Amino acid sequence: MCCFLVPGAEAAALSIASLALHHCQGERAVFFRDHINRLSRLLWGGSLLLALEHIWHGEIMFAPPFITAMQSPEDTEVMIAEMSTSGVAMAVLVTLAYLVFALVRSHVAGRTGSAAGVQE
């Protein structure tokens with residue numbers, strides 16, 4: 001129903017953190033900003049695709065209350081349960097997958113001796 005809101009909220013928080021790091025100078029700030037930007041793009045993309053899927057299935061409307069699960073208290077409880085299970089699980093899984101990618105990329109960069117790592 002609204003599981004895409006949790007990764008979307010994480011992406012929004014990361015985007016704000018990236019903007020805060022934009023004003024910081026230094027190699028470490030650039031390093032963290034790049035990683036934060038990559039992870040936030042993954043989360044924004046996944047959230048957008050999930051939102052489109054929910055629109056396709058009629059779970060999101062373009063009139064108030066916008067989310068069909070908010071029409072009754074019983075449905076709202078189910079929506080919150082889905083957000084706390086599926087939404088959190090998706091956000092954690094994407095974050096962990098990105099961390100594994102970043103570690104592997106760092107390891108490959110260390111073995112090849114290049115500063116940039118894998119060719120993009």
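The preceding data block contains the structure.
Residues numbered from 1 in each chain as written. Predicted model: local features only at pLDDT ≥ 70, side-chain atom pairs only at ≥ 80, totals over all residues. Heavy atoms only, no water.

All right, on to the overall build of the protein then. Helix and strand content of the protein: 3 helices and 0 strands. Traced from its N-terminal end to its C-terminal end, the protein shows the element sequence α-α-α. Since a compact globule built from 120 residues should have a radius of gyration of about 14 Å, the 18 Å found for the protein marks it as more spread out than a globular shape. The principal-axis extents of the C-alpha atoms in the protein amount to approximately 60 × 30 × 20 Å. When each of the 120 residues of the protein is scored for burial, the buried share is 27%. Here the analysis covers contacts within the protein between residues at least 6 apart in sequence; of these, 63% occur between residues at least 24 apart. Put simply, the protein shows about 8100 Å² of open surface, and 71% of that area lies on carbon and sulfur atoms. Averaged over its 6 positive side-chain charges, the protein has a centre that lies 24 Å from the centre of its 10 negative ones. (Helix = DSSP H or I, 4+ residues; strand = E, 2+ residues; numbered from the N terminus. Rg over C-alpha atoms; globule rule 2.2 N^0.38 Å. Buried < 20%, exposed > 50% of the residue type's maximum accessible area, 1.4 Å probe, protein only. Contact = heavy atoms within 4.5 Å. Areas by Shrake-Rupley, 256 points an atom, 1.4 Å probe, with all protein chains shown as cover. Lys, Arg positive; Asp, Glu negative; His and termini not counted. Charge placed at Lys NZ, Arg CZ, Asp CG, Glu CD.)

Together, Leu48, Leu49, Leu52, Ile55 and Phe62 give the surface a local cluster of nonpolar side chains, amounting to about 550 Å² of exposed area. Structurally, Phe62 is set in the loop between helix 2 (27-56) and helix 3 (73-112). Here Phe62 falls in the exposed class, since its relative accessible area comes to 72%. (Patch = residues over 30% accessible without salt bridge, like charges linked within 9 Å, V, L, I, M, F, W, Y side chains within 5 Å. Salt bridge = Lys/Arg side-chain N within 4 Å of Asp/Glu carboxyl O.)

Before going further, it helps to spend a moment on helix 3. For helix 3, spanning 40 residues, the distance from its first C-alpha to its last is 57 Å, which sits close to the expected 58 Å at 1.5 Å a residue. Bending of helix 3 peaks at approximately 30 degrees at the position of Met83. Every buried residue of helix 3 is accounted for by Met79, Glu82, Gly87, Ala91, Thr95, Tyr98, Ala102, Arg105 and Ala109. For helix 3, the elements touching its buried residues are helix 1 (5-22) and helix 2. (Expected span 1.5 Å × (residues − 1). Bend = angle between axes of the 7 residues up to and from the residue.)

So, on to the nonpolar core. Among soluble globular proteins, nonpolar side chains are generally buried collectively. Counting residues in hydrophobic clusters, the biggest one holds 7 residues: Ala11, Leu14, Ile36, Leu39, Leu43, Tyr98 and Ala102. Mapped onto this core, the elements with two or more residues apiece are helix 1, helix 2 and helix 3. For this core, the element with the highest residue contribution is helix 2, accounting for 3 residues. Beyond its immediate stretch of four places on either side in the chain, Leu39 contacts Glu10, Leu14, Val94, Thr95 and Tyr98. (Core = buried A, V, L, I, M, F, W, Y, C linked by side-chain atoms within 4.5 Å.)

For the structure shown, the criterion picks out 2 aromatic pairs. Taking the centre distance of 5.4 Å and the plane angle of 75 degrees together, the rings of Phe31 and Phe32 count as edge-to-face. For Phe32, a relative accessible area of 39% translates into the label partly exposed. Judged by centre distance (5.6 Å) and plane angle (45 degrees), the rings of Tyr98 and Phe101 are tilted. Residue Tyr98 and its partner Phe101 are both found in helix 3; the two are separated by 3 residues, about one turn of the helix. Classification of Tyr98 as buried rests on a relative accessible area of 5%. Residue Phe101 is classed as partly exposed on the basis of its relative accessible area of 42%. (Phe/Tyr/Trp six-rings, centres within 6.5 Å; stacked < 30°, edge-to-face > 60°.)

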